[in-house]
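# Remarks on the overall topology
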Amino acid sequence: MATRQSMEDLIQRCEDAIRYAQDQYLDASKQEHYTDDLYTNALQGLEDVFNDLAVMANSANSQQREQLHRMRLQLQQAQNNMILLRH
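Here we summarise the structure given alongside this text. These numbers were taken from a predicted model, which means no experiment stands behind them.

### Describing the overall build of the protein
- The secondary structure content of the protein amounts to 3 helices and 0 strands.
- For the protein, the spread of C-alpha atoms along the principal axes amounts to about 45 × 20 × 15 Å.
- Within the protein, the fraction of its 87 residues that count as buried is 30%.
- Of all intrachain contacts in the protein linking residues separated by at least 6 positions in sequence, the fraction that spans at least 24 positions is 76%.
- Counting only carbon and sulfur atoms, one obtains 48% of the accessible surface of the protein, whose full area is about 5800 Å².
- With 8 positive and 13 negative side-chain charges, the protein shows a separation of 8 Å between the mean positions of the two kinds.

Here you go:
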């Protein structure tokens, strides 16, 4: 079972990555030319915590897996929004 602290830490990292990605998304949507490096870093941050969620799910109990699943959906939504804006 994943420890409570490790779950809290991962959820916090996910929320931080989503918040940063949303900031980059808003900046990019307001300007024609946006800082590609920051945008790419935000996408990479989402991908990194997404992968960490998958690892954590292997040692999580059913309640923790449900929490991780909900967070994964939020991460995927942020990723999808960012990818669609770029194209």
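### Observations regarding the pattern of salt bridges
- All told, the structure shown has 4 salt bridges when counted by the stated rule.
- Between Asp52 and Arg13 there is a salt bridge; the shortest N-O distance is 2.4 Å. In this pair, Asp52 is assigned in helix α2 (residues 36-57) and Arg13 in helix α1 (residues 4-30), connecting sequence segments 39 residues apart.
- In this structure Asp52 comes out as partly exposed when scored by relative accessible area, which is 28%.

### Observations regarding helix α3 (residues 62-86)
- An ideal rise of 1.5 Å per residue puts 36 Å on 25 residues; α3 measures up with 36 Å between its terminal C-alpha atoms.
- Turning to α3, its buried residues are Gln64, Leu68, Met71, Leu75, Ala78, Gln79 and Met82.
- Against α1 and α2 lie the buried residues of α3.

Calculation notes
Residues numbered from 1 in each chain as written. Predicted model: local features only at pLDDT ≥ 70, side-chain atom pairs only at ≥ 80, totals over all residues. Heavy atoms only, no water. Helix = DSSP H or I, 4+ residues; strand = E, 2+ residues; numbered from the N terminus. Buried < 20%, exposed > 50% of the residue type's maximum accessible area, 1.4 Å probe, protein only. Contact = heavy atoms within 4.5 Å. Areas by Shrake-Rupley, 256 points an atom, 1.4 Å probe, with all protein chains shown as cover. Lys, Arg positive; Asp, Glu negative; His and termini not counted. Charge placed at Lys NZ, Arg CZ, Asp CG, Glu CD. Salt bridge = Lys/Arg side-chain N within 4 Å of Asp/Glu carboxyl O. Expected span 1.5 Å × (residues − 1).

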